[in-house]
Amino acid sequence: WAVANPNSKDLHFELARLELKINAGATCIVTQPCLDEEACAKFWNEVSQRKLLQKVRFHVGIPVLVSQNVAQKWIQLVGMDPSLEASKNLMERVRFSGSESANAEWIRAIDFVRTHLADISNPGTKHGLHLMPLLAWRRIPKLLDLV
């Protein structure tokens, strides 16, 4: 198993590292959560064009964002610049902590997967989702009911 960061500042470097990991024998790639939707869309487009989805299983990180504190922690963990527009937009979307904000972000993340990652969300594939409930694991059963 290996990891990849679709939010990476340097897409070409991240993809080159990903291909090295696959060529070295990785059979499954677990990604950081897609927080910067534009960067992630570019990442997944490249992954698809390079036919990497056919070479290994991918488990796409899906964050559970219940507050700005959690969002800030994820921004830090994935190495995003807090001053980026994507970071600011994320912080604005989770400005109101609580279940409505968490539910909206959960649905947004699932919709991103459905829109940009058809190869992963199709039934019968070996790919999957990796739920990342940083400080919010108790929300998982309720969020699963929404999809």
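Scroll up a little and you will see the structure.
Conventions we followed
- Residues numbered from 1 in each chain as written.
- Predicted model: local features only at pLDDT ≥ 70, side-chain atom pairs only at ≥ 80, totals over all residues.
- Heavy atoms only, no water.
- Core = buried A, V, L, I, M, F, W, Y, C linked by side-chain atoms within 4.5 Å.
- Buried < 20%, exposed > 50% of the residue type's maximum accessible area, 1.4 Å probe, protein only.
- Helix = DSSP H or I, 4+ residues; strand = E, 2+ residues; numbered from the N terminus.
- Pairing = 2+ DSSP bridges.
- Right-handed = clockwise from strand over helix to strand, strands pointing away.
- Axes fitted to C-alpha atoms, helices over the stretch in contact; angles between N-to-C directions.
- Expected span 1.5 Å × (residues − 1).
- Arc of directions from axis to C-beta.
- Disulfide = S-S within 2.5 Å.
- Parallel < 35°, antiparallel > 145°, perpendicular 65-115°, else oblique.
- Left-handed = near helix turned anticlockwise from the far one by under 90°.
- Contact = heavy atoms within 4.5 Å.
- Nonpolar A, V, L, I, M, F, W, Y, C, P; charged D, E, K, R; others polar.
- Polar contact = N/O pair within 3.5 Å; in protein donor to acceptor, adjacent residues only side chain to side chain.
- Phe/Tyr/Trp six-rings, centres within 6.5 Å; stacked < 30°, edge-to-face > 60°.

*Asks:* Describe the nonpolar core, naming the residues involved and giving the relevant values.
*Replies:* Counting 36 residues, the largest nonpolar core has L18, I29, W44, V47 and F58 as its most contacted members. Elements with a contribution of two residues or more to this core: β1 (2-4), α1 (11-23), α2 (37-49), β3 (57-63), α3 (68-77), α4 (85-93) and α5 (99-116).

*Asks:* Report on the pairing of β3, specifying residues and quantitative values.
*Replies:* Burial runs high along β3: 6 of the 7 residues are buried. The pairing of strand β2 (residues 28-33) with β3 spans 4 bridges and is classified as parallel. Paired with C28 across the bridge in β3 is R57. Running through α2, the crossover from β2 to the neighbouring parallel element β3 is right-handed. Taken together, the 5 bridges between β3 and strand β4 (residues 128-132) define a ladder with parallel strand orientation. When the sheet's bridge partners are listed, V60 is paired in β4 with L129.

*Asks:* An account of the sheet that holds β1 is requested, with residue identities and associated values reported.
*Replies:* One open sheet holds the 4 strands; their spatial order is β1-β2-β3-β4, and the pairing between them is parallel. Of all strands in the sheet, those with a lone pairing partner are β1 and β4, marking the two edges. On average, adjacent strands in this sheet sit at an angle of 30 degrees to one another, irrespective of strand direction. As paired elements, β1 and β2 share 3 bridges and run parallel to each other. Residue pairing across strands places A4 opposite T31, the latter belonging to β2.

*Asks:* Give me the lowdown on α2, citing residues and values where you can.
*Replies:* Think of an α-helix as turning once every 3.6 residues; residues three or four places apart then point the same way. Given a rise of 1.5 Å per residue, 13 residues ought to cover 18 Å, and the 18 Å separating the end C-alpha atoms of α2 matches this to within 8%. Positive backbone phi, at 60 degrees, marks K51, one or two positions downstream of α2.

*Asks:* Account for α4, naming residues and giving values.
*Replies:* Where α4 is concerned, the buried positions are A86, S87, L90 and M91. All buried residues of α4 project into a common sector of 135 degrees when viewed along the axis, lining one side.

*Asks:* Any details on the state of the cysteines? Residues and values, ideally.
*Replies:* Working definition: the covalent bond between the sulfur atoms of two cysteines is a disulfide. What the rule picks out here adds up to 0 disulfides. Take C34: it sits in no disulfide, and the sulfur closest to it among the cysteines is that of C40, at 3.1 Å.

*Asks:* Which residues make up the packing of α3 against α4, and what values do they have?
*Replies:* One can describe the packing of α3 onto α4 by two numbers: an axis separation of 9 Å at closest approach and a directional angle of 160 degrees. One way to sum up the angle between α3 and α4 is to call them roughly antiparallel. Remark: the crossing between α3 and α4 carries right-handed chirality. Taking contact as the criterion, the partners of Q68, A71, Q72 and I75 in α3 are, on α4, S87, L90 and M91. Residues of the contact of α3 with α4, tallied by class, amount to 4 nonpolar, 3 polar and no charged.

*Asks:* Please provide a residue-by-residue account of the side chain of N5, values included.
*Replies:* Tracing the chain through its elements places N5 in the loop between β1 and α1. Among the polar contacts listed, one links the side chain of N5 to the backbone nitrogen of N7, at a separation of 2.9 Å. When residues no more than four places from it in sequence are discounted, the contact partners of N5 are E14, Q32, F43 and V78.

*Asks:* Please provide a residue-by-residue account of the packing of aromatic side chains, values included.
*Replies:* The final tally for this structure, using the stated rule, is 2 aromatic pairs. An angle of 70 degrees between the planes, with centres 5.3 Å apart, marks the rings of W44 and F58 as edge-to-face. Of this pair, W44 sits in helix α2 while F58 is found in strand β3, placing the two residues 14 residues apart along the sequence. Given a relative accessible area of 2%, W44 falls into the buried group.

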